[in-house]
Amino acid sequence: MSTKDKPPGTPDLSRRKALKQGAVAGAAVLAAPWVARFAHAQGMDLGAYQSAKINWRLAEGQTVNAAVIPASYFENLIALAPEFEALTGIKVRFDKVPPGQIRQKVVLDLSSKTGNISTHAGDPMYLPLYAANKWAEPLENYLNDPKLTDKAWFKYDDIFEAWRKANMVDGKTYGIPYDGEMTVQTYRKDLYDAKGLKPAETLDQIVSNAKALHDPDKRMWGFCLRGMPGAGQNMYIYPSILGAYGGKWFDAGGKIRVNSPEAVAALDWYVTQNNAFAPKAAQNWNWPDIADAFAQGTIGCYIDGHSAATVIANPERSKVVGKIGFARWPKGPSGRRVSSIWNWAMPINSALPEKARQATWLFIQWAASEETQARTSYKFKGPGKRYGVNRLAMWKSGAYNKTIGDAGANFLQASLDSLGQDTDVDWRPRVPQWPAIGETMAKIVQASLVGQIKPKAALDDAQTQVERIMRGG
Amino acid sequence: MLAPGLLVLVATTTFPLLYLFWQSTQNINLAMPGMGGYIGAENYVRMWEDRRFWAALSFTSVYTVVTVALQLVFGMAMAMLILRIPRAQWAFRVAAILPIVLAPVVVGLFWRTLMLTPDFGIVDYASRSLGLGSHNWLGDPDLARFSVIAIHTWQWTPFVFLYLLAALAALPEDLYEAAKIDRANAWRRFVHITLPLLRPAIVVVVILRMTVALSAFAAIYAATGGGPGTSTEIINLYAYRVSFAELSLGYGAAAAVVLLVITMVVAGLLFRLRRAA
Amino acid sequence: MRPRTGGALRNALLMTVAALLLLVWTVPILLAVVTSLKNEKEVLAYPPTLVFEPTLKNYAAVLTDATSILPNLTSSLIIALATTMLTILIAVPAAYAIARLRLPGKQPVGFYVLATQLVPPIGLIIPYFLILNRIGWMDSYQGLVVIYITFSLPFAIWLLVSYFEDIPREMEEAALLDRASRWQAFWHVVLPQARGAIAVTVIFVFLNSWNEFLFAVVLGGATVKPVTVAMYNYINTEQTQWAQLSAAALLAMLPVILLGVLAQKHIVKGLTTGAVKGVGRR
């Protein structure tokens, strides 16, 4: 808890405190060259922020309580928080909540209107729920207020469009993307090259590639998808296959339909291929499990978040560094590729008083700004690369490129193409009932994977349950 | 002398219980704002018709009965065994504390990934090396039920062992001497002397283990999340999921109330048994 | 009498079975120890590597990195100690009263105490959240301690009652005849005999609050974050850091093991006089 022992109130850093913080940040901040010019002042360079034409100190004295998850990209932000505090005179307290519990904790706070959590690392799929309950602020009020936002400086439109759109409900923005990812095909380039295989362009090629490599006796499984039940686990994969088969979540009349022929075909593909080529354990695997297995050199190809590079391209964890290739999702029968859309979206809690909401907005603006994105990624000297900064221009910049580009062949291009061309903002049903729908579908998908029930029957059952959920039962 | 204790208990449990009960009569579905309000017993009616609730209830019963029985049998056997090797007892007493002390979420994760994963875990490796083949311990519905029961039994048998070891050690030695002279064999001595003497201790340990088994949560949550499908979903997990993943707080409260009533009925019966003993 | 050779054989057999049992119990713990000494890359090697170069860097990382669990260990310690002390302070007289005094409605009270221990924790999260918010005790030590007492108190009372019931009445009655007050008799006669029982209760109450997760995660926060919650620093959305997780889990076990070993004598003593009543909710 690096924020725990800071004395409250005092925005300007004493020498001792700066040293202490420096230690927390791995002494990185002090070593950076841009610090040297301002070392005589406060030991930190706030010029890049002060060039924004807003009064950063307009909510001085406020406290922002941010609930985040334990992850390196938030650890880096926590390490930089003293800069924000010095810039604005606003105190930030971070609560690191385990990813499995953050939704429940936030929902408890929002629904009881206690305002304990000013902003948090939010799931975009929960934003419709927030909007329906008026728990979170429509952020246009803040983005378009010249007192609060310098549009030319913040350049909100530079943030990936897919992520911005994923955070909109009925045309209004409810969360600002801080970090994100997309699902990509990840394969063993060395093995593919040896057999003359190319990364799959279609779902059928995934199967033929898998067949060519599959040899469980030699601890090589051809293809793998995660099966663990959960709205953010197997329901992060199935919707892409559904999209590739041309399936939709709603019928022409706007009624939810989860058992269309396309859905049955998609689930059938998921079940068939996972049973044919994945380790049996994958039925219960989440993404870290697949990444671990791939890092041990046992998986020929899998489709999951590009940010798994944290594990598979890390020489301390992985035996396949330098042997990895990346590609976009293959096309399905519909000719579409559908990647996932994920970002950690930061909303503003509506239960806060106005001043506190403004302070929260300043914090969000600071965290999502290009400068902070840079300082938490390639300018950050400590450990923990960020694979998901929120702006295209940064991805293309040489400096960022250098820190993450070596994850594997075609890493940057595959990731950017997926995000730019393969996303569909409605790849999952964005309704307030999503949490229940996601859980219900997740159970059904896993039950099919383990063979408890056939895909058609499973989805018919899901249809009944989902209809009940939409009625509020 | 009783007053402060009782007061604290009333303050900290009674009010929340009343609240829970009130909640179970409301339609609180966070995904459907504006639909809330008093709905009487509707949540309970819905539960009656809910297949998943009944599945969870039936697995909860199996889980509780089987884990408690296994703990009792293994714990007793171990205690009888270790009683005969007094010099090594300390090692077992210390070892017995270890599984109990390990944080449940770590227990679940360790068993799930490092031990039981087919093709990757060490249990699987051992089973292959012994020629027993590879099994999908947590992926196959029946095996998964077996596995979560095994994990709970592994973690808590030491407790029963510790408890019964001490109870056995306290039994009067002269009874055994007399029986030995009578040339009663070991099994008969166990059935006719040890068991009757241990009855109060056994009843107590069964009550204790039962309440803990009924409220098990973290280890299953970490190991299978209630899966595959809903195979290992106990009521606690079901109530949790309904409340916090599906945001149906009224219905979730009703599930919690039902679990409470069932637990109390079972405990009440055992409580009587204890007094009779 | 049996021939000696048979006895030796039987002893050898007993020892073998016992050693096997010991192995079953300790394998996951030993696995954690081994894992904590490995590099991440080696942890998941299959077949498992037994020969490797041990490293202490995981322990160093867990204790000194930016995400050090030291402050969390401190938090856990404060909560567990406070919970344990307060629980014992309230539970001992209450249990004594239930066991001894001729109070009207003693049986219902006894059952009520048992029943309060049976409340499913899931059902209590929301009411507790609302209550703590109302009185401003969210994310505070006093908040979590009060909640933990809710669980530990019935457990402790119930555990202690049967111990007190086992202590012969005669001694107290003698003291009472000597014009000692009820309190004096309790203090000078009953308490010393119940030492073992109290030691057992202390350990299990401490253990329960030390291992609690569900309430800690919802009702704690930036200020109060017990080590069970901080364990997720190593099981995060990016990766599972098995070696560091193992190191952290073992470090978190240390205080309780230490307490357990120190109280070994008392535990066994306590166990023989009365009955240990359950190690709380999982």
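Structural notes, computed from the coordinates. A quick note: this is a predicted structure, and the numbers were derived from the prediction, not measured.

Overview of the overall build of chain A
Then, in step 1: Helices and strands together make up the secondary structure of chain A, namely 23 helices and 10 strands.
Then, in step 2: Along the longest, intermediate and shortest principal axes, the C-alpha atoms of chain A span 65 × 55 × 35 Å.
Then, in step 3: The buried share of chain A, taken over its 473 residues, is 59%.
Then, in step 4: In chain A, the share of contacts with a sequence separation of at least 24, taken over all contacts with a separation of at least 6, comes to 76%.

Overview of the overall build of chain C
Then, in step 1: The number of helices and strands found in chain C is 14 helices and zero strands.
Then, in step 2: Seen along its three principal axes, the alpha-carbon backbone of chain C occupies a region of about 75 × 70 × 30 Å.
Then, in step 3: Taken over 282 residues, chain C has a buried fraction of 52%.

Considerations on unusual backbone geometry
Then, in step 1: Of the consecutive residues Gly227 of chain B and Pro228 of chain B, the connecting peptide bond is found in the cis state with omega at -5 degrees.
Then, in step 2: Its place among the elements puts Pro228 of chain B in the loop between helix H10 (218–223) and helix H11 (235–245).
Then, in step 3: Looking along the chain, the bond that leaves Tyr46 of chain C and enters Pro47 of chain C is cis, with omega of -5 degrees.
Then, in step 4: Mapped onto the secondary structure, Pro47 of chain C falls in the loop between helix H2 (40–43) and helix H3 (57–64).
Then, in step 5: You will see that Asn410 of chain A, though not glycine, has its phi angle at about 65 degrees, which is positive.
Then, in step 6: Checked against the element boundaries, Asn410 of chain A lands in the loop between helix H20 (398–404) and helix H21 (411–421).
Then, in step 7: Although it is not a glycine, Asp119 of chain B adopts a positive phi angle of roughly 70 degrees.
Then, in step 8: Looking at the element boundaries, Asp119 of chain B is found in the loop between helix H5 (104–115) and helix H6 (122–129).
Then, in step 9: Note on Asp119 of chain B: 19 C-beta atoms within 10 Å, which makes it partly exposed.

Some words on the pairing of strand S9 (residues 324–327) of chain A
Residues and elements named next belong to chain A.
Then, in step 1: Side chains of S9 alternate between two faces, with Ile324 and Phe326 and Gly325 and Ala327 buried alike.
Then, in step 2: Two strands pair when backbone bridges link them, and strand S7 (residues 183–188) and S9 are joined in this way by four bridges, in the antiparallel orientation. Among the inter-strand pairings, Arg188 is bridged to a residue of S9, identified as Ile324.

Some details on the interface of chain A and chain C
Then, in step 1: Counting residues at the interface gives 35 residues for chain A and 27 residues for chain C.
Then, in step 2: Mapped by element, the contributors of at least two residues to the side of chain A that touches chain C are helix H5 (72–88), strand S2 (91–96), helix H6 (102–111), helix H15 (287–295) and helix H16 (309–312) of chain A.
Then, in step 3: In terms of residue class, the side of chain A that touches chain C is made up of 14 nonpolar, 12 polar and nine charged.

Structural notes on the environment of Leu63 of chain C
Residue and element names in this part refer to chain C.
Then, in step 1: Tracing the backbone through its elements, the reader meets Leu63 in helix H3.
Then, in step 2: Linking Leu63 and Ala248, residues 185 residues apart in sequence, is a C-alpha distance of 8.4 Å.
Then, in step 3: What Leu63 contacts, discounting residues up to four positions off in sequence, is Ser68 and Leu70.

Here we look at the sheet that holds strand S1 (residues 63–68) of chain A
All names here are of chain A.
Then, in step 1: In spatial order, the strands read S2-S1-S3; together these three strands make up an open sheet with parallel pairing. Looking along the sheet, the strands with just one partner apiece sit at the ends: S2 and strand S3 (119–120).
Then, in step 2: Two elements, S1 and S2, share six bridges in a ladder whose sense is parallel. Across the sheet, the residue bridging to Ala66 is Phe94, located in S2.
Then, in step 3: H5 contacts S1 and S2 of the sheet and is inclined by roughly 165 degrees relative to S2.

Rules used in this analysis
- Residue positions are given per chain, counted from 1 along the sequence in the order it is written.
- Labels follow written order: the first chain is A, the first ligand is 1, and so on.
- Restriction of local features to residues with pLDDT of at least 70 applies here, the model being predicted, together with a cutoff of 80 or more for giving and counting side-chain atom pairs; totals for whole chains, interfaces and linings are based on all residues.
- Strands here are runs of E lasting at least two residues and helices are runs of H or I lasting at least four, both read from the DSSP assignment and numbered beginning at the N terminus.
- To sort residues by exposure, count the other C-beta atoms lying within 10 Å of each residue's C-beta; 20 or more gives buried, 12 or fewer gives exposed, and values between give partly exposed, all with C-beta atoms placed from the backbone.
- Once C-beta atoms are placed from the backbone, any two residues with those atoms within 7 Å are in contact.
- Two strands make a pair as long as DSSP finds a minimum of two bridges between them.
- Ten residue types, Ala, Val, Leu, Ile, Met, Phe, Trp, Tyr, Cys and Pro, are classed as nonpolar, four, Asp, Glu, Lys and Arg, as charged, and the remainder, Gly among them, as polar.
- Axis lines are fitted through C-alpha atoms, for helices just across the contact stretch, and the angle between N-to-C directions can take any value from 0 to 180 degrees.

As far as function goes, none of this settles anything; it's purely spatial.
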